[in-house]
Amino acid sequence: MARLLIVDDEKSLCQMLEIAFRKEGHMVETLSSGQAAIKKIDAHAHDLIISDIRMPDLSGIELLEKARESGNPAAFILITAVPTVTTAVQALNLGANRYVIKTDKLVEELKVVVARVLE
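Conventions adopted
- Residues numbered from 1 in each chain as written.
- Predicted model: local features only at pLDDT ≥ 70, side-chain atom pairs only at ≥ 80, totals over all residues.
- Heavy atoms only, no water.
- Helix = DSSP H or I, 4+ residues; strand = E, 2+ residues; numbered from the N terminus.
- Rg over C-alpha atoms; globule rule 2.2 N^0.38 Å.
- Buried < 20%, exposed > 50% of the residue type's maximum accessible area, 1.4 Å probe, protein only.
- Contact = heavy atoms within 4.5 Å.
- Areas by Shrake-Rupley, 256 points an atom, 1.4 Å probe, with all protein chains shown as cover.
- Lys, Arg positive; Asp, Glu negative; His and termini not counted.
- Charge placed at Lys NZ, Arg CZ, Asp CG, Glu CD.
- Expected span 1.5 Å × (residues − 1).
- Arc of directions from axis to C-beta.

(A) Molecular detail of the overall build of the chain. The number of helices and strands found in the chain is five helices and five strands. When the helices and strands of the chain are placed in sequence order, the string is β-α-β-α-β-α-β-α-β-α. A globule of 119 residues ought to have a C-alpha radius of gyration of about 14 Å, and the chain, at 13 Å, matches this closely. Looking at the 119 residues of the chain, the share that counts as buried comes to 45%. The long-range fraction of contacts in the chain, counting pairs at least 24 apart against all pairs at least 6 apart in sequence, stands at 60%. In the structure as shown, the chain presents an accessible area of about 6,300 Å², 52% of it carried by carbon and sulfur atoms. If you average the places of the 14 positive and of the 17 negative side-chain charges in the chain, the two averages end up 3 Å apart.

(B) Fine view of the environment of Thr 30. Within the secondary structure layout, Thr 30 lies in strand β2 (residues 27–31). As for Thr 30 and Ser 59, which are separated by 29 residues in sequence, their C-alpha atoms are 16 Å apart. Those residues within four positions of Thr 30 in sequence are excluded, and the remaining contacts are Ile 6, Cys 14 and Glu 18.

(C) Molecular detail of the environment of Ala 37. With respect to the element layout, Ala 37 can be found in helix α2 (residues 34–43). Taking relative accessible area as the criterion, Ala 37 reaches 0% and is therefore assigned buried. In sequence terms Ala 37 and Leu 58 are 21 residues apart; their C-alpha atoms lie 9.5 Å from each other.

(D) Summary view of helix α5 (residues 106–118). Taking 1.5 Å as the rise per residue, α5 with 13 residues should run 18 Å; its terminal C-alpha atoms sit 18 Å apart, in good agreement. Along α5, the residues classified as buried are Leu 106, Val 107, Leu 110, Val 113, Val 114 and Val 117. With its buried residues spanning 125° around the axis, α5 presents them on a single face. Tucked into the core, α5 has its buried residues touching α1 (11–23), β3 (48–52), β4 (75–80) and β5 (98–101).

Here is the structure:
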């Protein structure tokens, strides 16, 4: 299956997504900071990166921008609990594959989105 990198400052969400995607057969790494994610993205190949938009040290938009500037080909899904038209447009303009709003059905929705993005 695929190598996933999940980046979110909510460690409990990272754990929940890691469990869900490991059950789907994926190799999963999680990080709770954008800066750590930049180092990991530069050092390792991932098929898909899932990142929260709002993080204290670096936004998901900035992480996406840095990944694209470095030529990283990984698919990218941004997730957020605070959706705005501005961030959605920025995400898509920078090459995000999807923009997913955090709801109580996030895990189920992400499973479907991840499967489609990896096809």
